[in-house]
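Survey of secondary and tertiary structure
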Amino acid sequence: MLQVKNITVAYDDVPAVVEASFDVGKGEIVAIIGANGAGKSTILRTLSGILRPVAGEIWFEGQRIDRLPANQIVHLGISLVPEGRRIFGRLSVLDNLILGAYTNRDPGARREALEFVFSLFPVLRERASQRAGTLSGGEQQMLAIGRALMSRPRLLMLDEPSLGLMPKLTARILQAIQEINREGVTVLLVEQRVREALEIAHRGYVLQTGRIVATGTGSELLQTDLVRKAYLGL
């Protein structure tokens, strides 16, 4: 579904990602792990059209997208749940969700997407008229994921969805990601909780200082010395 070929991304001529190549197959959960500052968020921002690579190519379902604006990339079926949630705090939960559906002009499809979000996160239905800024951190993360799902993406990208959450809420978010995947949505996950991410991922990539240094299935990576020593403290 997604092919990333030797992309290099820079900020003010300083490379943040260097000749990174990876792919995501339809129906997979693929995790990208690495330390803070490794370039994980930069990759997701580049895939979503917020940044542009200075070299390399990005292909989605056979179409090259690395020169397309972000709004066109959303139309193609790619949605990003950004780090830090970035919800609209003064708007209601329902208005946040409706804003996520701006590319979805079919009223029936919008209702269907909304019902899916509410079935996934029932608390959002209960709080539909509540201002989003008054939600707890976990509820805000659910809202951010739900907003991204309203465009009915085929590829959902999540940037550190467990950031700032307690372990119990992290487990609920990761469970929801698996449920979304079972509904046919392909997932690209950047996550600081390495063990938990690799336990739900079909495959993973390890990113260090902007370069991909290892790849394998989630279970394979959990057994490597690199992951065990650098990220699990074993």
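The shown structure was predicted, so the numbers you read here are calculated from the model rather than taken from an experiment.

**Looking at the side chain of T8**
Structurally, T8 is set in strand 1 (residues 2–11). Separated by 3.1 Å, the side chain of T8 and the backbone nitrogen of E19 make a polar contact. Not counting chain neighbours up to four residues away, the residues in contact with T8 comprise V17, V18, E19, P53, V54 and A55.

**With respect to the packing of helix 3 (residues 93–100) against helix 4 (residues 107–120)**
Two quantities define a packed helix pair, namely the angle between the axes and the distance from one axis to the other. Two numbers describe how helix 3 lies on helix 4: the axes approach to 11 Å, and their chain directions differ by 130 degrees. Put simply, helix 3 runs oblique to helix 4. Crossing of helix 3 against helix 4: the hand is right-handed. Contacts from L94, L97 and I98 of helix 3 reach helix 4 at R110, L114, V117 and F118.

**Some points on the nonpolar core**
Formed by 47 residues in total, the largest nonpolar core has its most connected members in L124 and I177. The biggest single contributor to this core is helix 6 (residues 137–149), with six residues. Not counting the four nearest positions on each side in its chain, L124 is found in contact with V93, V117, F118, E139, M142 and L143. If you look at the next biggest cluster of nonpolar residues, it comprises 28 residues, including I7, V9, A38 and I65.

**Side note on the pattern of salt bridges**
Evaluation of the coordinates by the stated rule reveals 11 salt bridges. Here E160 makes a salt bridge to K40, at a shortest N to O gap of 4.0 Å. With E160 in the loop between strand 7 (155–159) and helix 7 (167–182) and K40 in helix 1 (residues 40–47), this residue pair connects regions lying 120 residues apart in the sequence. When sorted by exposure, E160 lands in the same class as K40, which is buried. As a salt-bridge pair, E57 and R64 come within 3.5 Å of each other at their nearest N and O atoms.

**Points about the sheet that holds strand 2 (residues 14–24)**
If you walk across this open sheet you meet the four strands as 2-1-4-5, and the pairing is antiparallel. For this open sheet the edge positions go to strand 2 and strand 5 (63–64), each flanked by a neighbour on one side alone. One ladder, built from seven bridges, connects strand 1 with strand 2; its direction is antiparallel. Looking at strand 2, one finds that Y11 is bridged to V14. Against the sheet, helix 1 makes contact with strand 1, strand 2 and strand 4 (55–60), and its axis sits at roughly 115 degrees relative to strand 1, the strand it touches most.

**Considering helix 6**
Spanning 13 residues, helix 6 covers 19 Å between terminal C-alpha atoms, matching the ideal 18 Å at 1.5 Å per step. With respect to burial, helix 6 is a largely interior element, 12 of its 13 residues being buried. For helix 6, every residue scored as buried is listed here: G138, E139, Q140, Q141, M142, L143, A144, I145, G146, R147, A148 and L149. Lining the buried residues of helix 6 we find strand 6 (78–81), helix 3, helix 4, helix 5 (122–126), strand 7 and helix 7.

Cut-offs applied
- Residues numbered from 1 in each chain as written.
- Predicted model: local features only at pLDDT ≥ 70, side-chain atom pairs only at ≥ 80, totals over all residues.
- Heavy atoms only, no water.
- Helix = DSSP H or I, 4+ residues; strand = E, 2+ residues; numbered from the N terminus.
- Polar contact = N/O pair within 3.5 Å; in protein donor to acceptor, adjacent residues only side chain to side chain.
- Contact = heavy atoms within 4.5 Å.
- Axes fitted to C-alpha atoms, helices over the stretch in contact; angles between N-to-C directions.
- Parallel < 35°, antiparallel > 145°, perpendicular 65-115°, else oblique.
- Left-handed = near helix turned anticlockwise from the far one by under 90°.
- Core = buried A, V, L, I, M, F, W, Y, C linked by side-chain atoms within 4.5 Å.
- Buried < 20%, exposed > 50% of the residue type's maximum accessible area, 1.4 Å probe, protein only.
- Salt bridge = Lys/Arg side-chain N within 4 Å of Asp/Glu carboxyl O.
- Pairing = 2+ DSSP bridges.
- Expected span 1.5 Å × (residues − 1).

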